[in-house]
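So the chains spell out like this:
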Amino acid sequence: MTQNIHPKSKTKSEDEKRTFYLLFMGHSTPMYVYDLQTLKILEVNNAALEKYRYSRDEFLSLTVRDMIQTGEDVPFSANGKNNGQDPHYAGTLQHKCKNGESIDVEYTIHIIDFNPRKAALVMTRDITETKFQESKTDSDVELRALFASMQDVVLVIDRDGIYRKVAPTNSDLLIKPKGELLGKHLREFFSTERAAFFLDSIRRVLETRQSVHIEYDLSIDSQPTWFAASISPMDDINTLWVVRDITERKLASKALQESEERYRSLFDRMMDGIYRSTHEGKFVDVNPAMVRMFGYSSKEEMLEMDIKSELYFDAEERGTHKLDTGDGETDIYRLRRKDGSEIWVEDRGSYSYDEHGNVTFHEGTLRDVTARKHAEEALRSAKVSLEKTNQELERVLLREQQLARTDGLTGLYNYRYFFELATREFNIAMRYRRPLSILMFDTDDFKKVNDTLGHSAGDKILALVAQATAAQMRSVDILARYGGDEFIILLSQTSAKQAYPIAERIRNSVAGMKMPSEKGTVSVTLSIGIAEIQYEPADESVEHIVQRADKALYAVKQAGRNRAMIYDPSVNGAA
């Protein structure tokens, strides 16, 4: 792309071409390029891939005719009405997405040179919603308001069960593609019983002018799928359907129900406490399990107790539970045993009434769920503890990864991790034919430094060289310790000629350092070899570039050290 797409002027620099490519690929406007002769798609940006839902390879296999609706003309072609003479053209048409959905787009076309041929650069804007809004009648106000819920399916079905409209919302939930639904009857897609149920709901909505809500299941791709539909009247003939997938909710509800049933089955084998009490707060009858549960010595002792003051920690709590307020028949709450200890109970109860509707008794069963409550609390505590442990493990793992990738002396990437990153950059450069350069360098006469000052001083010098080099590099460059006193740098998007001044900056920066030692101030120089990626013949791996950079480094040593040199096969030999 950087070598092909450019405006007609042939004086654009390589930097301008790269800038144009980056703008093209990263622009939020969907764009693609097609050949004016063959109409084949030549290039596409990321926004267009997302809009039309194709992979890059799929998009590049299309022609522009594949993109537009049948019957519409190609706006520009070498043999068309515009004949490629007008460099700009704008208009509207319909594009087809991968899923078959059509979208209205407003487009602008620019004629460009796509070496070695002329091509059309197409920029599009989705105006489907605008077209839709313009085409709606006054009776479609409610439908437009519901389009904000794009996860739902929005349909218009008339009183006879005919599909009249299918909104461009979540087409994945349609039983058939939009084109196969319009004008068809419900009976063509659903069983007789299901279609009759839908028709009955439609007629009820139209007669009462009130919305109804239904749930039903379908088999989609051999999988049961549950839906909830809200059906509302639009006029005297049509109903608006807003349909939502509730499969996850149903499955979750079923799983919860099955879990509860297993729990109930396990505990139903145990002896639960059974009671009958008055509304005023006295037990009329209790069973032995109830007596044992609360730690009393006999049934008679419990019959004598005052429920509010002896069974509750706070007398005001009685009368506030779901059973008391009428919000349910089951509740879980805290009570007090005879010895003052806490017990959590699950109360399944009901009221008995006299002929005047007055409450006579509270009746039900109590199940001790203290262990369950404690287990839930323990589980919450364990979860918090586990999350803390996981966070610590993640920190340790990150540290271990950093140590595995880093040279301990200089803090730079090590040899192994450099080649992991370099291989990735090499593959990208080869794919898009981008420049890439490798710099290899070492400190001149480093053995003398070690022999004279000692290895400890030598290590400090290497660390300072690493720091000085890193200060001259871009954030996208990759610097690593190659081994011993050798270092290596990968410069992406950089030719050998562009790498040379960078190498000189590094060399001069290190040469200007004055490093104190026990034997006085020490300075060192660097020898740097430079090599760039080759396309003719093509390099098979990044190691080939490294080998040429190493040969250039060797040539520097032979030429007297303390300089940078670009690999030249006529001087350094073939690599």
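The text that follows walks through the structure, step by step, so that each part is easy to find. (Residues numbered from 1 in each chain as written. Predicted model: local features only at pLDDT ≥ 70, side-chain atom pairs only at ≥ 80, totals over all residues. Heavy atoms only, no water.)

## Topic: the pairing of strand β20 (residues 526-532)
Thinking step 1. Burial analysis of β20 places six of its seven residues in the buried class, the great majority of the element.
Thinking step 2. By the bridge criterion, seven bridges tie strand β17 (residues 436-443) to β20 in an arrangement that is antiparallel. Bridge pairing links methionine 440 to glycine 529 in β20.
Thinking step 3. The parallel pair β20 and strand β21 (residues 564-566), bridged by helix α19 (residues 542-558), forms a crossover whose chirality is left-handed. (Buried < 20%, exposed > 50% of the residue type's maximum accessible area, 1.4 Å probe, protein only. Helix = DSSP H or I, 4+ residues; strand = E, 2+ residues; numbered from the N terminus. Pairing = 2+ DSSP bridges. Right-handed = clockwise from strand over helix to strand, strands pointing away.)

## Quick notes on the sheet that holds strand β18 (residues 478-483)
Thinking step 1. With mixed pairing, the five strands of this open sheet are ordered in space as β18-β19-β17-β20-β21. Taken across any chain shown, the strands that pair with only one partner, and hence form the sheet edges, are β18 and β21. Averaged over neighbouring strand pairs, the angle between their axes works out to 20° when direction is ignored. (Axes fitted to C-alpha atoms, helices over the stretch in contact; angles between N-to-C directions.)

## Quick notes on the pattern of salt bridges
Thinking step 1. Going through the model one piece at a time under the given rule, you end up with 28 salt bridges.
Thinking step 2. Two residues, glutamate 377 and arginine 380, come together in a salt bridge whose shortest N-O distance is 2.7 Å. Taken together, the residues glutamate 377 and arginine 380, both in helix α14 (residues 370-405) and three residues apart, mark about one turn of the helix.
Thinking step 3. The partner of aspartate 451 in a salt bridge is lysine 447, with the nearest N and O atoms 2.9 Å apart. Taken together, the positions of aspartate 451 and lysine 447, both in helix α16 (residues 446-453) and four residues apart, correspond to about one turn of that helix.
Thinking step 4. Residue aspartate 451 is classed as exposed on the basis of its relative accessible area, which comes to 54%.
Thinking step 5. Linked through salt bridges whose partners overlap, the residues forming this network are Glu215, Arg249 and Lys250. (Salt bridge = Lys/Arg side-chain N within 4 Å of Asp/Glu carboxyl O.)

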